[in-house]
Amino acid sequence: MPTLIKLFSMQEVSLHNSNHDCWVVIDGKVYDVTTYLDEHPGGDDVILAATGKDATDDFEDAGHSNDARELMKSFCIGELDMSSSPAIPELEISHKKQETDVAQKLLNLTKQHWAVPVAMVGISVVAAFLYIMRKK
């Protein structure tokens, strides 16, 4: 007989965000880690900071051992309902437009700030002239 897996929305998971009721999402699975908070080697603050969002990156970045991954299985209460998750918007990629924008910005900057390089050249010419005149 197949086992039924309970699905939770991210909104529902985010409601369980205290040290008395703490759920986290890692790799699409929902874990009730309330009873483990006091035992967590990194402290309960680390886990509490990861509630209400996908904590997969935080979990992986911490470099958990295989034992920790095995222990996690005992806290799994279901899976994240991906259909209830907000869709990730697709990015529009346009290389030509970006190049034009950068070139246009650079051109605008040179039009606005032309006096600075001209002044520096002028000061350099005057300083060189005074230096040569003083040597004679």
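Note: the structure precedes this text.
A quick note: this is a predicted structure, and the numbers were derived from the prediction, not measured. (Residues numbered from 1 in each chain as written. Predicted model: local features only at pLDDT ≥ 70, side-chain atom pairs only at ≥ 80, totals over all residues. Heavy atoms only, no water.)

Caption draft 1: A look at the packing of aromatic side chains. One pass over the full model with this rule turns up two aromatic pairs. Ring centres 5.4 Å apart and planes at 50 degrees place the aromatic pair tyrosine 36 and phenylalanine 75 in the tilted group. Here phenylalanine 75 lies in the loop between helix 4 (66-73) and strand 5 (76-80) and tyrosine 36 lies in the loop between strand 4 (29-32) and helix 2 (44-48), a separation of 39 residues in the sequence. There is no split in this pair, since tyrosine 36 and phenylalanine 75 are both buried. (Phe/Tyr/Trp six-rings, centres within 6.5 Å; stacked < 30°, edge-to-face > 60°. Helix = DSSP H or I, 4+ residues; strand = E, 2+ residues; numbered from the N terminus. Buried < 20%, exposed > 50% of the residue type's maximum accessible area, 1.4 Å probe, protein only.)

Caption draft 2: Looking closely at the layout of surface pockets. Here the largest pocket is characterised by a volume of approximately 420 Å³. If you go around the largest pocket, you meet 20 residues; those closest to its centre are Tyr36, His40, Ile47, Phe59 and His64. Put simply, the parts of the chain that give the lining of the largest pocket at least two residues each are strand 3 (21-26), helix 2, helix 3 (56-61) and helix 4. Per element, the largest residue contribution to the lining of the largest pocket is three residues, and it comes from helix 4. (1 Å grid on protein atoms, 1.4 Å probe; cavity = no way out; pocket = protein on both sides within 12 Å on 5 of 7 lines; lining within 4 Å. Points joined across faces, edges and corners; volume = space filled by probe spheres on them.)

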